[in-house]
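Breakdown of the fold
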Amino acid sequence: MHSAIRFPLQPQILRRIVLLLLGLAMAFMSATLWAHGVNENDKAFIEGASGVNIIPYMYLGAKHMVTGYDHLLFLAGVIFFLYRLKDVGAYVTLFAIGHSTTLLLGVIFDIRANPYIIDAIIGLSVVYKAIDNLDGFKTWFGVSPNPKAAVLIFGFFHGFGLATKIQELTLAKDGLIPNLISFNVGVEMGQFMALTVILLLMNLWRMSSSFNRTATVANAALMTAGFVLIGFQLAGYFTQGA
């Protein structure tokens, strides 16, 4: 699936890692205030709407994915070492199947779980993908998880995370199924748009002479971002959601 790039970490590289990780931590501390929840205007629309609202729900789904930093970090990790569009399509399809399933079933059948725990698992998915990209499972633990199965399983949790956000709101029963499907279609559209941008930037980066030198640093930063997400969610669980 990928070829991990490893090299001895020199002092200057370690300094870069520290600066990157500090920057990421600060960014995510502020990002949690706005990027992943439902803002007041969207909340007011959802709770006040009735009947079928296909376009507005598609917009909300796309917006949620584009601003969902946890989903985007995971996707960036998934495609980090994928060079063929066929492989990108296969993994993204598995992720889409996973999150679409639990998003729809979670809301329709009112399957509930603590949102902090689910979001902590989503953070764990980012950590997993970074370790996988660094070939850490084989090097450190002597195991090689099935990458496609892992993407599908974590896709279930990402979709359930979306479901917990919707479950916090009061949705009208009238038009619920079409609106949920529209929301899910919007999520897929947002994912496609975000993925297109990520792929373009990734390809430009791969063509640069710095890619081999910075790929390990980038995945170390990605891993730390996942741990930051886990820490925030567990802190929320123990202070508010336990």
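As recorded by an unreviewed UniProt entry, the protein carries the name HupE / UreJ protein and is attributed to Sphingobium xenophagum.

Now for the overall build of the protein. Counting secondary structure elements, the protein contains ten helices and zero strands. Taken from the N to the C terminus, the helices and strands of the protein come in the order α-α-α-α-α-α-α-α-α-α. Residue burial in the protein is summarised as follows: out of 242 residues, 47% are buried. Look at the contacts in the protein between residues 6 or more apart in sequence, and 87% of them connect residues 24 or more apart. Surface exposure of the protein reaches about 12,200 Å², of which carbon and sulfur atoms provide 69%.

The next thing to look at is the side chain of Thr 164. For Thr 164, the location among the structural elements is in helix H8 (residues 147-167). Sequence-distant contacts of Thr 164, that is, excluding residues within four places in its chain, are made with Ala 113, Pro 115 and Ile 118.

This paragraph deals with the UniProt feature "transmembrane region" (unreviewed entry) in the protein. When the UniProt feature table is mapped onto this chain, "transmembrane region" (unreviewed entry) is found at residues 66-83, 90-109, 183-205 and 217-238. This span, residues 66-83, is 72% helix and 0% strand, and a straight line between its end C-alpha atoms measures 23 Å. A distance of 32 Å separates the end C-alpha atoms of residues 217-238, which is 100% helix and 0% strand.

So, about empty space enclosed by the protein. For the structure shown, the criterion picks out one cavity of 30 Å³ or more. Computed from the structure, the largest cavity encloses a volume of approximately 50 Å³. Contributing to the lining of the largest cavity are Ala 49, Ser 50, Gly 51, Tyr 57, Leu 171, Ala 172, Asp 174, Gly 175, Leu 176 and Asn 179. Residues of the lining of the largest cavity, tallied by class, amount to five nonpolar, four polar and one charged.

Definitions and cut-offs
Residues numbered from 1 in each chain as written. Predicted model: local features only at pLDDT ≥ 70, side-chain atom pairs only at ≥ 80, totals over all residues. Heavy atoms only, no water. Helix = DSSP H or I, 4+ residues; strand = E, 2+ residues; numbered from the N terminus. Buried < 20%, exposed > 50% of the residue type's maximum accessible area, 1.4 Å probe, protein only. Contact = heavy atoms within 4.5 Å. Areas by Shrake-Rupley, 256 points an atom, 1.4 Å probe, with all protein chains shown as cover. UniProt positions renumbered as here; feature names shortened; annotations may be inferred. 1 Å grid on protein atoms, 1.4 Å probe; cavity = no way out; pocket = protein on both sides within 12 Å on 5 of 7 lines; lining within 4 Å. Points joined across faces, edges and corners; volume = space filled by probe spheres on them. Nonpolar A, V, L, I, M, F, W, Y, C, P; charged D, E, K, R; others polar.

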